[in-house]
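Here are the chains, one letter per residue:
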Amino acid sequence: MKKIQMVDLLGQYDKIQEQVDSKILEVVKSGAYINGPEVHNFQKELENYLGVKNVIPCANGTDALQIAMMGLGLKPGDEVITVDFTFAATVEVIALLQLTPVLVDVEKDTFNMNIEALKKAITPKTKAIVPVHLFGQCANMEAILEVANKHNLFVIEDTAQAIGASYTFKNGTKKKAGTIGNVGTTSFFPSKNLGCYGDGGAIFTNDDELAHTLRGMVNHGMYKRYYHDVVGVNSRLDSIQAAILNLKLPHLDAYCDARRKAARYYNNAFKNEQNIVTPKMGNGCNFICDTCDCHVFHQYTIQVLNGKRNELHQHLLDNGIPNAIYYPVALHSQKAYSDSRYKEEDFKVTNELIDTVLSLPMHTELDNEQLDFITKTILDFIK
């Protein structure tokens, strides 16, 4: 059996090595390393894939969130609502811009924003909502948009873990994650479903005026060299990363299918184990159907209900099976983001999840022999 990886980046690279190596050399020989043709080509291809009018490439997913908020004109003291159960980057940029982060609880089955908690958190100072499409599927965007429209709020989608996923509205209309709100953001960190070989990110919007503002902001506020029309930052996707992403983009749906196949294997193996809760689909499905496109399984995260999550975590490591706890400390409990406004009773689900969640190996190169070993090792321990 091959060594089990949490994310097998080299195995994926091996399948496209010749094209990647050739393209990298081509970019190096071109001398166009910043804002070169590869960046513009990738922008257009990603716009076509997502069905969105404007893609603005940038240096990383955290920058994408920050620049999106800057472009919307949010001011210090404005309240921005996001979830308590996510990576710190989401709230980090809110704090960096001197906005006021407001954290809300999540749903136990999907790990995404709880709509009733969102409604309760709105005040006259609220200006934006940042739903995080955690672990690979969209939050309840129809309900979030309804709340946002009622209160005249911006919606900024954090799609760092869900690029390639689709959201289906009640009327059957589908949209890609990141293209539903006022603006969407994503990360191309190497482990993402669409990952480059360094850092990278992008911002999406159908608002042409906002897109124009954002294009200047990522490039020091310049539209014409040495003429600074807006306050900007230095956040550009370099040409080598864009070239790699352009090669991988046609494979994205196949990458997501491979992850779903592994997730089906996990689900089937654990279906009769009462101490393991497998991921649930936000669209109401109780299983991962053959035509599923609502979840791209950036992570496959179970909940361990017998109080032995930490022991299982170590048992897997002892047996050569990498795994991870995303996230062991809630944001409202982090020293950097603690606030007297937060009450523990408002984060019941998050506080439970941090003690029960466990993410298993999930990537495009998992084979049945590895999956069989992983699941049997878990079941033998649980029983």
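Please refer to the structure placed before this passage.
Residues numbered from 1 in each chain as written. Predicted model: local features only at pLDDT ≥ 70, side-chain atom pairs only at ≥ 80, totals over all residues. Heavy atoms only, no water.

Q: How would you sum up the packing of aromatic side chains? Please name residues and give values.
A: Evaluation of the coordinates by the stated rule reveals 13 aromatic pairs. An angle of 75° between the planes, with centres 5.5 Å apart, marks the rings of phenylalanine 42 and phenylalanine 188 as edge-to-face. Of the two residues, phenylalanine 42 is situated in helix α3 (residues 37-50) and phenylalanine 188 in the loop between β8 (183-187) and β9 (201-205); the sequence distance between them amounts to 146 residues. For the pair phenylalanine 42 and phenylalanine 188, one class covers both residues: buried. Judged by centre distance (5.0 Å) and plane angle (85°), the rings of tyrosine 167 and phenylalanine 169 are edge-to-face. Tyrosine 167 sits in the buried class, given a relative accessible area of 12%. Within the aromatic cluster, the residues linked to one another by ring pairs are Phe85, Phe111, Phe135, Tyr326 and Tyr327. (Phe/Tyr/Trp six-rings, centres within 6.5 Å; stacked < 30°, edge-to-face > 60°. Helix = DSSP H or I, 4+ residues; strand = E, 2+ residues; numbered from the N terminus. Buried < 20%, exposed > 50% of the residue type's maximum accessible area, 1.4 Å probe, protein only.)

Q: Tell me about the state of the cysteines, and please be specific about residues and values.
A: Two cysteines joined by a covalent bond between their sulfur atoms form a disulfide. The full count for this structure, using the stated rule, is zero disulfides. There is no disulfide at cysteine 196, and the cysteine sulfur nearest it, in cysteine 58, is 11 Å away. (Disulfide = S-S within 2.5 Å.)

Q: Describe the pairing of strand β1 (residues 54-58), listing the residues and the values that go with them.
A: Where burial is concerned, most of β1 is hidden: five out of the five residues are buried. Across five bridges, the pairing between β1 and β9 is antiparallel. Within the sheet, the bridge partner assigned to proline 57 lies in β9 and is alanine 202. (Pairing = 2+ DSSP bridges.)

Q: I'd love a proper account of the sheet that holds β8, names of residues and values included.
A: Reading across from one edge, β1-β9-β8-β5-β4-β2-β3 is the order of the seven strands in this open sheet, with mixed pairing throughout. Both edges of this open sheet fall to β1 and β3 (100-104), since each of them pairs with a single strand only. Ignoring which end each strand starts from, the neighbouring axes of this sheet average 25° apart. As paired strands, strand β2 (residues 79-83) and strand β4 (residues 126-130) are joined by four bridges and run parallel to one another. Of the residues in β4, the one forming a bridge with valine 80 is alanine 128. Here α3 sits on the sheet in contact with β1 and β9, set at roughly 135° to β1. This element, helix α7 (residues 141-151), spans β4 and β5 (154-158) of the sheet and lies at about 150° to β5. (Axes fitted to C-alpha atoms, helices over the stretch in contact; angles between N-to-C directions. Contact = heavy atoms within 4.5 Å.)

Q: Kindly report on the pairing of strand β13 (residues 300-304), identifying the contributing residues and their values.
A: Counted residue by residue, β13 has five buried out of five residues, so it is predominantly covered. Neither face of β13 is left uncovered, since the one carrying Tyr300, Ile302 and Val304 and the one carrying Thr301 and Gln303 both have all their residues buried. For strand β12 (residues 276-277) and β13, the ladder comprises two bridges, and the chain directions are antiparallel. When the sheet's bridge partners are listed, valine 277 is paired in β13 with glutamine 303. Here β13 pairs with strand β14 (residues 357-360) via four bridges, running antiparallel.

Q: Describe α3, and please don't skip the residues or the numbers.
A: Count 3.6 residues to each turn of an α-helix, and residues three or four apart come out pointing the same way. End to end, α3 covers 20 Å across 14 residues, agreeing with the expected 20 Å (1.5 Å per residue, within 8%). Those residues of α3 that fall on the buried side of the exposure criterion are Glu38, Val39, Phe42, Gln43, Leu46, Glu47, Tyr49 and Leu50. Two residues or fewer past α3, glycine 51 is found with a positive phi of approximately 70°. (Expected span 1.5 Å × (residues − 1).)

Q: Any chance you could break down the pattern of salt bridges for me, citing the residues and the numbers?
A: Under the defined criterion, the tally for this structure stands at 12 salt bridges. With a shortest N-O distance of 3.3 Å, lysine 23 and glutamate 26 are connected by a salt bridge. Taken together, the residues lysine 23 and glutamate 26, both in helix α2 (residues 17-30) and three residues apart, mark about one turn of the helix. In this structure, glutamate 47 and lysine 44 form a salt bridge, with 3.8 Å as the shortest nitrogen-oxygen distance. With glutamate 47 and lysine 44 both in helix α3 and three residues apart, this pair spans about one turn of that helix. What makes lysine 44 partly exposed here is its relative accessible area of 48%. (Salt bridge = Lys/Arg side-chain N within 4 Å of Asp/Glu carboxyl O.)

Q: Can you break down the sheet that holds β12 residue by residue, with the values?
A: Pairing is antiparallel across the open sheet formed by three strands, whose spatial order is β12-β13-β14. A strand with exactly one partner marks an edge of an open sheet, and here the two such strands are β12 and β14. In the packing of helix α10 (residues 252-270) onto the sheet, contacts are made with β12, β13 and β14, and the angle to β13 comes to roughly 20°.

Q: Any chance you could break down the nonpolar core for me, citing the residues and the numbers?
A: Counting residues in each nonpolar core, the largest one holds 58 residues, and the members touching the most others are Phe42, Leu46, Phe85, Ile144 and Phe188. A per-element tally of this core places α7 first, with six residues. Setting aside residues up to four positions removed in sequence, isoleucine 144 forms contacts with Met113, Ile115, Leu118, Ile129, Pro131, Ala139 and Val155. By size, the runner-up hydrophobic cluster in this structure holds 27 residues, among which are Tyr266, Phe297, Ile325 and Leu360. (Core = buried A, V, L, I, M, F, W, Y, C linked by side-chain atoms within 4.5 Å.)

Q: Give a description of a nonpolar patch on the surface that names residues and reports values.
A: A contiguous nonpolar surface patch, about 360 Å² in accessible area, is contributed by Leu25, Val28, Tyr33 and Ile34. Looking at the element boundaries, valine 28 is found in helix α2. (Patch = residues over 30% accessible without salt bridge, like charges linked within 9 Å, V, L, I, M, F, W, Y side chains within 5 Å. Areas by Shrake-Rupley, 256 points an atom, 1.4 Å probe, with all protein chains shown as cover.)

Q: Summarise the side chain of threonine 205; cite the residues concerned and give the values.
A: On the secondary structure map, threonine 205 appears in strand β9. Relative accessible area serves as the criterion here: at 2%, threonine 205 is assigned to the buried category. Here the side chain of threonine 205 touches aspartate 207 through a polar contact of 3.0 Å, landing on its backbone nitrogen. Non-local contacts of threonine 205, meaning those with residues more than four positions away in its chain, are made with Val52, Lys53, Asn54, Ile56, Asn182, Val183, Leu210, Ala211 and Leu214. (Polar contact = N/O pair within 3.5 Å; in protein donor to acceptor, adjacent residues only side chain to side chain.)

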